[in-house]
Each structure stands twice: as structure tokens, then as C-alpha cells.
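Observations on the model geometry
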Amino acid sequence: MSRQAARALARPVPVAVRHLPVMAGEVIEFFASARPRLVVDGTAGGGGHLVALVKAFPKASILAVDRDPSAADALAAAWNSRSGLVIRRASYTSIPEILEETGLGKADAALFDLGLSSLQLDDPARGFSHSLDGPLDMRFDHGTGPYASELVNGLPEADLADIFWRWGGERWSRRIARAVVSARPVESTLDLASAVRRAVRGNPVKSVSRVFQALRIAVNRELSELETLLDGLAGWMAPGGRAAFITFHSLEDRIVKRFFMDSPDFTPCRPAWRAPTDAERLANPRARSAKLRTGVRS
Ligand SMILES: C[S@@+](CC[C@H](N)C(=O)[O-])C[C@H]1O[C@@H](n2cnc3c(N)ncnc32)[C@H](O)[C@@H]1O
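Residues numbered from 1 in each chain as written. Predicted model: local features only at pLDDT ≥ 70, side-chain atom pairs only at ≥ 80, totals over all residues. Heavy atoms only, no water.

Looking only at helices and strands, the protein chain has 14 helices and 7 strands in total. For the protein chain, the C-alpha radius of gyration of 20 Å lies close to 19 Å, the compact-globule estimate for 298 residues. When its C-alpha atoms are laid out on the principal axes, the protein chain stretches across 60 × 40 × 40 Å. Sequence separation of at least 24 residues holds for 68% of the intrachain contacts in the protein chain that already meet a minimum separation of 6. (Helix = DSSP H or I, 4+ residues; strand = E, 2+ residues; numbered from the N terminus. Rg over C-alpha atoms; globule rule 2.2 N^0.38 Å. Contact = heavy atoms within 4.5 Å.)

Put into C-alpha cells, the structure is as follows:
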């Protein structure tokens with residue numbers, strides 16, 4: 001991390017961070033050379049990166065969005081109309097309309113820290129964790145869309161197996177789907193986890209994680225959201241603008257990688273991707289699988 005980024009991250013800000021931001025120093029350093037006037041945090045979540053961005057670029061306008069109403073409301077309450085900071089509850093696919101409506105212009109820097117936040121994972125009522133008892137919800141935007149329980153209890157066995165295979169990479173997908181269907185109604189996260197455990201041979205912990213990941217991706221249509229975002233990205237980033245993506249599993253990472261390789265509008269940065277340092281991984285085990293990919297708008 002450069003001395004400038006380290007100094008910026010050490011400055012105090014008025015908000016308690018409830019999600020440890022992943023590779024924040026690397027992101028700030030990457031954005032700093034664009035001297036951004038408008039920064040977009042497309043997945044503001046617990047506000048961890050947002051705090052770092054506000055500290056590092058105090059003169060920039062910042063647009064922070066999150067699809068999760070609890071996250072967006074908490075950020076709005078914490079930042080309480082700080083000047084230059086616009087917070088919206090929205091999908092990142094709506095960023096072009098928000099920029100248009102607010103007149104903020106084109107972004108010089110944009111961050112997408114994909115996946116789910118510690119706040120979401122640690123709240124049993126959200127249903128994301130397989131080790132906390134809760135309802136099978138798993139919606140980021142808990143006002144809309146199907147619950148995970150609707151898929152788990154309503155889909156034909158073959159469709160469930162397909163979800164577990166395609167979005168979880170789970171080799172026991174058919175056996176698990178059969179076990180889940182015979183355990184219906186599956187009411188809670190722990191019910192689902194134990195149905196999965198009963199179905200697999202070998203290490204069940206990984207299978208349970210993969211099934212939960214697959215359902216979360218299906219419920220939130222995560223990969224098609226990401227593809228829609230990437231399709232429109234060049235349209236709202238300024239020439240020379242810098243885009244950073246932090247991914248946590250190979251499905252989303254592959255989409256971002258291919259985008260930077262194939263897009264006529266972005267030049268991928270070297271190295272092609274970066275991982276958190278050993279020290280960060282030790283301090284924040286949830287950062288373990290993170291990959292940072294970056295590109296510059298031509
Ligand atoms: C890993 S967390 C971000 C954490 C944040 N960077 C921080 O440091 O606190 C990912 C966030 O992305 C949000 N999210 C997921 N899909 C989204 C979408 N399509 N549009 C906007 N936000 C989304 C989730 O609700 C979650 O809060």
C-alpha cells in the first residue's frame with residue numbers, strides 16, 4: 001500500500017464500520033491515480049469501503065448504492081446527508097439512471113465488491129448462514145423476489161439439482177436434490193443443512209456451503225445482474241475511469257475476467273488479478289477467497 005493510501009485510511013471518520021472491507025488499500029491506491037471527482041461504490045453494504053473512499057477522496061462526489069434496504073437505510077442514517085455523498089437503495093444495474101437523475105455525470109472510479117456482507121451473513125433472520133437457525137429467505141432485496149424456501153420446497157427435483165450443480169459446482173447435486181425433496185417441507189436453514197449432510201459422502205461442510213451459495217445466486221439472479229452491469233458500464237464511466245471488482249467465487253470471477261479480456265472499452269490492468277495479503281487473510285478470514293480485478297476505461 002502506498003504511503004498516501006495508508007495515511008488516508010488512518011484518518012478518522014464519523015461512522016462505525018460493521019463489515020471489514022476487503023483489499024481496501026489496494027482499491028484506494030488503484031483509484032488514486034485517476035484523481036477521481038466522482039466515485040461510485042456499487043455495493044456499499046456495511047460501509048467498509050465507503051469509509052475508506054470518503055477518507056481517501058474527501059473532495060470527490062460519491063454515489064453509494066446497495067440493493068439491500070437494511071444496508072442502504074443504515075448507511076443513510078449513519079452518514080446523515082454528508083455533503084457530496086448520495087446513498088441509494090438500488091441495484092447497481094440502475095446506476096445509469098441514478099447518475100442521470102442526480103446530474104452527477106460520469107464516474108472516474110467504480111467499485112463492485114460482490115457477494116454478501118458480514119451483516120447479512122451474521123443475521124440469522126436473513127437465512128444466508130448454514131450455521132445459524134433462520135428462515136430460508138436469502139434475498140438481498142428483502143422486499144422483492146422469491147424466497148429460497150420457495151425454490152427449495154417448490155421446484156422439481158431436477159431443477160434443484162441443476163441449481164446446485166450450475167451455481168454451486170456441487171458434484172452430489174442429484175443426491176442432494178433427492179434428499180431435499182424427500183425432506184419437504186424444509187422450513188429452516190438448519191433443516192436444509194441437515195438434509196444436505198445426510199445426502200453426501202465425504203466432507204459435508206463444503207457441500208452445505210456450495211448448496212447455500214447456489215441458492216443465493218439463484219434467488220438474487222446474481223450472475224445476470226452482473227452481466228447487465230457489465231453491459232452498461234462503459235456508458236457511464238468517464239474516459240480514463242477505473243473499475244475495480246472484488247469477486248469471491250469462480251463463477252462471478254470468470255464473468256469479470258472475460259469482460260476485461262473482451263471489452264473494446266476497457267483495458268485490463270496487470271497483474272490480471274490480485275489476492276489479499278497473508279496478513280489480511282489472517283486478520284479477516286472472510287477475505288480468503290477474494291480476487292481483485294481492475295480495468296481502465298479507454
Ligand atoms: C461484500 S458486500 C459489500 C461490502 C462493502 N463493500 C463493505 O465494505 O461494507 C456485497 C453487497 O452487495 C450488495 N449487492 C448484491 N447484489 C447487488 C446489486 N445487484 N446491486 C447493488 N448491491 C448489491 C449486497 O446487498 C451486499 O450488501
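This next bit is on the pairing of strand E7 (residues 291–297). E7 sits mainly inside the fold: 5 of its 7 residues count as buried. Two strands pair when backbone bridges link them, and strand E5 (residues 237–247) and E7 are joined in this way by 6 bridges, in the antiparallel orientation. Paired with Ala244 across the bridge in E7 is Thr294. Across 3 bridges, strand E6 (residues 266–268) lies against E7 in antiparallel orientation. Within the sheet, the bridge partner assigned to Pro268 lies in E7 and is Gly295. (Buried < 20%, exposed > 50% of the residue type's maximum accessible area, 1.4 Å probe, protein only. Pairing = 2+ DSSP bridges.)

Burial within helix H3 (residues 48–56) is extensive, with 9 of its 9 residues counted as buried. Where H3 is concerned, the buried positions are Gly48, His49, Leu50, Val51, Ala52, Leu53, Val54, Lys55 and Ala56.

The subject of this paragraph is the nonpolar core. Counting residues in each nonpolar core, the largest one holds 32 residues, and the members touching the most others are Phe31, Val39, Leu50, Phe57 and Trp79. For this core, the secondary structure elements donating two or more residues are helix H2 (24–32), H3, strand E2 (61–66), helix H4 (69–79), strand E3 (85–89), strand E4 (107–113) and E5. (Core = buried A, V, L, I, M, F, W, Y, C linked by side-chain atoms within 4.5 Å.)

In this section: unusual backbone geometry. Residue Pro185 follows Arg184 across a cis peptide bond; omega there is 0 degrees. Relative to the helices and strands, Pro185 is located in the loop between helix H9 (173–182) and helix H10 (189–199). The amide bond that connects Arg270 to the next residue, Pro271, takes the cis arrangement and shows omega of -5 degrees. Relative to the helices and strands, Pro271 is located in the loop between E6 and helix H14 (278–283). In this structure, Arg35 takes a positive phi of about 40 degrees despite not being glycine. Despite not being glycine, Met138 has its phi angle at roughly 70 degrees, a positive value. Mapped onto the elements of the fold, Met138 is located in the loop between helix H6 (118–121) and helix H7 (148–154).

What follows deals with the site of the ligand. As a structural note, the neighbourhood of the ligand is formed by 24 residues, with His49, Asp66, Tyr92, Asp113 and Gln120 the closest of them. A distance of 3.0 Å is found between an oxygen atom of the ligand and a backbone nitrogen or oxygen belonging to Gly48. Glu225 places a side-chain nitrogen or oxygen 2.9 Å from a nitrogen atom of the ligand. Burial of the ligand by the protein amounts to 98% of the accessible area it has alone, namely 610 Å². Residue classes in the shell around the ligand are distributed as 7 nonpolar, 12 polar and 5 charged. (Near = heavy atom within 4 Å. Polar contact = N/O pair within 3.5 Å; in protein donor to acceptor, adjacent residues only side chain to side chain. Areas by Shrake-Rupley, 256 points an atom, 1.4 Å probe, with all protein chains shown as cover. Nonpolar A, V, L, I, M, F, W, Y, C, P; charged D, E, K, R; others polar.)

Structurally, the position occupied by Asp113 is in strand E4. One buried charged residue, Asp113, forms no salt bridge at all, with the nearest opposite charge on Arg216 at 10 Å. At a separation of 3.4 Å, a polar atom in the side chain of Asp113 contacts the side chain of His49. The residues touching Asp113, leaving out its near neighbours within four places in the chain, are His19, Thr43, His49, Ile246 and Phe248. (Lys, Arg positive; Asp, Glu negative; His and termini not counted. Salt bridge = Lys/Arg side-chain N within 4 Å of Asp/Glu carboxyl O.)

To continue, consider helix H5 (residues 95–102). Those residues of H5 that fall on the buried side of the exposure criterion are Ile95, Ile98 and Leu99. Here the buried residues of H5 occupy an arc of 100 degrees about the axis, which is enough to place them on one side. Opposite the packed face of H5, turned more than 90 degrees from it, sit the exposed residues Glu100 and Glu101. Residues of H5 that are buried in the fold lie against strand E1 (38–41), E2, E3, E4 and helix H12 (222–236). Within two residues after H5, Gly103 carries a phi angle of roughly 70 degrees, on the positive side. (Arc of directions from axis to C-beta.)

The subject of this paragraph is the environment of Ala44. With respect to the helices, strands and loops of the structure, Ala44 is situated in the loop between E1 and H3. In this structure Ala44 comes out as buried when scored by relative accessible area, which is 4%. Sequence-distant contacts of Ala44, that is, excluding residues within four places in its chain, are made with Ala64, Val65, Asp66 and Leu75.

All quantities given are derived from atomic positions and should not be read as evidence of function.
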